[in-house]
Amino acid sequence: MALEVMARAQAPIPLEASFRAAPGELLALVGHSGSGKTTLLRTIAGLWRPEAARVAVDGEVWLDTAAGVNLPPHRRHVGVVFQNYALFPHMTAAQNVIAAMDRGVRNARAEAERLLALVNLPGLADRKPAQLSGGQQQRVAVARALARRPQALLLDEPFSAVDRATRERLYDEIVALRAHLKMPVVLVTHDVNEAQLLADRMAVIEKGCVVREGSTAEVMADPDALRAMGIREIAAMLPAIIVEHGDDGLTRLDAAAGPLILPAVDGLPGTRVRVRIMAHDVILARSRPEGLSAQNILAGKVAGIVPGTGPGVIVHVRVGDEEILARITRRAADQLRLQPGDAVHAIVKSMSVARDHVAFAPVRSKAAQ
Amino acid sequence: MDWIALFLSLRLAGWTVAILLPVSVLAGRWLAYRQFRGKGLVEAVVMLPLVLPPTVFGFYLLLAFGRNSPIGAFWQVTFGHQLVFTFEGLLVASVIFNLSFAIQPAQRGFEAIPVEVREAASCSGMSPMRSLWRVELPLAWPGVLTAMVLTFAHTLGEFGIILMMGGSIPGETKTIAIAIYDRVQGFDMAGAGIMSATLVAISLFTIAATYMLSARVGRRLS
């Protein structure tokens, strides 16, 4: 019951990729522009046919060049959110959503309003796209894609056309929306932060090839996988709960390893969030340092040391049940004589955590799946 | 006032529009979306009637439709009369001569639809036919409308081709433009004046109505 994709082509860009996404799973295809990730998405949707390819969903074959099967896009139950949304400009938001429904759907209008409410856009059903902001248009595009009752949901850089503040809100909405989605979701993005915030699994695409596929945590800790995207992107996600918002603009959170002080995080006390901690922002100390400006000192144990090809190493530090990553020089690791099992303190500057590096945690827990 | 000639012209223009409407939509859409070798040549052929003198065009049509030509002979055998000097002959000539007016504006209309919007229609489960009706035509409509109005007005005003195709049989091939010419030749300046003014009024009304209609469509879209 998963989406399986295999594609090979010489032109217009070389492709040699295969990946799969399980139901309910969000797979991010991450790569630079021109890496072929959008071409892969278009292959799934039926908007592009590589020389050799196979696309199957729930065991239903959409494309199999070897067997001569190639369903046109309108015969594939696929929902696509285009980069610029591509809403039908002459239709209202509700009409856009209804246009994507099968003709047999009863109470189409009520269903459209339900979907628009699901994407947090109530009350604007009768507006034309031109009367909606970028963020609102994106929500209509998501509702339209869902109206198709898709077996696979495809998102092509869906956050790139809105401003940063809107994007942060939309991230949280997508996280919340996913509790309602049972189909595999494929997100194409060049933004590693976005992928880490939203994806369960990642496939890094470089020159049309999948250079690394795995769980988001694995891929984001792998220097080899991230070489193409920039080694400075290596980061871990730390789950935490908002405790209180201080008067000085800082928010106190509770993480497994202890309290965390961050610049104002949106959300009421009690909200579960995930905080992206960049590996290069983490300092390690053998003993608990004192007289330090950094607000966050997390006690943990070295779980592993992964050397890269450069002067740096990635140190995996176990804090409580979670893991954070520290990217330090090989020289520093040698001087501290770090070994797996050693007790260390990980120091994180509050101000190093950017606002858009915090996302709501999925409502659905792993155990509930 | 030569009502028969005026009615004939309106009938010719009406039929030309009726035949060219589907041609306009299908050919305009095809040329707008498809890239193929020789597309430039096809577009040049479509544009040809726009630059050729109507007499040149009419001359070739006369050759092509004459009794000794394959087309003319076929017509003679099938329908029992020849193609030139008949309304049908005029209509065929008018359809061919208006291809550029009918296709070009429609093509521009379809070209203005963003590719992603068409792809979105397809990914929303619309078959090509449904996409045409629900998405493409509502967006390309002003172009198609312009094409039809130009075709209609242009047919009303056509003179050279009709003259070449033997346009002097009342009720059959004598259109209003020819009738005006005849009146002037016969020094009936008053008659020619009334008919000319009528033609101006009809053409002006048609075009003004279209502009107002497409302005309203434009407002609806934005």
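Anything mentioned here points back to the structure above.
Residues numbered from 1 in each chain as written. Chains lettered and ligands numbered in written order. Predicted model: local features only at pLDDT ≥ 70, side-chain atom pairs only at ≥ 80, totals over all residues. Heavy atoms only, no water.

Q: Mind laying out empty space enclosed by the protein, listing which residues take part and the relevant values?
A: All names here are of chain B. What the rule picks out here adds up to three cavities of 30 Å³ or more. Estimates place the volume of the largest cavity at around 70 Å³. Leu-12, Leu-90, Ala-93, Ser-94, Phe-97, Asn-98, Thr-155, Glu-158, Ile-161 and Ile-162 together form the lining of the largest cavity. If you list the elements that add at least two residues to the lining of the largest cavity, you get helix 5 (87-97) and helix 9 (160-164). Here the lining of the largest cavity takes four residues from helix 5, the largest share from any one element. The residue makeup of the lining of the largest cavity, split by class, is six nonpolar, three polar and one charged. (1 Å grid on protein atoms, 1.4 Å probe; cavity = no way out; pocket = protein on both sides within 12 Å on 5 of 7 lines; lining within 4 Å. Points joined across faces, edges and corners; volume = space filled by probe spheres on them. Helix = DSSP H or I, 4+ residues; strand = E, 2+ residues; numbered from the N terminus. Nonpolar A, V, L, I, M, F, W, Y, C, P; charged D, E, K, R; others polar.)

Q: With reference to specific residues and values, describe the interface of chain B and chain A.
A: Across the boundary between the two partners, chain B contributes 20 residues, which contact 21 residues of chain A. The junction of chain B with chain A conceals about 1800 Å² of combined surface from both sides, 63% of it contributed by carbon and sulfur atoms. If you sort the residues of chain B by the area they bury against chain A, B:Glu119, B:Cys123 and B:Ser124 come out on top, with a joint share of 29%. Viewed at the interface, chain A and chain B are joined by one salt bridge. Of the charged contacts, one joins A:Arg42 and B:Glu119 as a salt bridge, the two residues approaching to 2.7 Å between their closest N and O atoms. (Contact = heavy atoms within 4.5 Å. Buried area = accessible area lost by both parts, 1.4 Å probe. Salt bridge = Lys/Arg side-chain N within 4 Å of Asp/Glu carboxyl O.)

Q: Can you lay out the packing of aromatic side chains for me, pointing to particular residues and giving the numbers?
A: The tally for this structure, following the rule as stated, stands at seven aromatic pairs over all chains. Look at A:Phe159 and A:Tyr171: their rings are 4.9 Å apart centre to centre, the planes differ by 75°, and that puts the pair in the edge-to-face class. Taken together, the residues A:Phe159 in the loop between strand 8 (152-156) and helix 5 (164-177) and A:Tyr171 in helix 5 connect sequence positions twelve residues apart. You can call A:Tyr171 buried: its relative accessible area is 3%. Judged by centre distance (4.5 Å) and plane angle (40°), the rings of B:Trp75 and B:Phe79 are tilted. Taken together, the positions of B:Trp75 and B:Phe79, both in helix 4 (residues 70-79) and four residues apart, correspond to about one turn of that helix. Residue class for B:Phe79 comes out partly exposed when judged on its relative accessible area of 48%. The side chain of A:Arg144 reaches across the aromatic face of A:Phe88, ending 4.6 Å from its centre. Here B:Arg11 stacks its cationic end above the ring of B:Phe87, 4.2 Å away from the centre of that ring. (Phe/Tyr/Trp six-rings, centres within 6.5 Å; stacked < 30°, edge-to-face > 60°. Buried < 20%, exposed > 50% of the residue type's maximum accessible area, 1.4 Å probe, protein only. Lys NZ or Arg CZ within 6 Å of the ring centre and 35° of its normal.)

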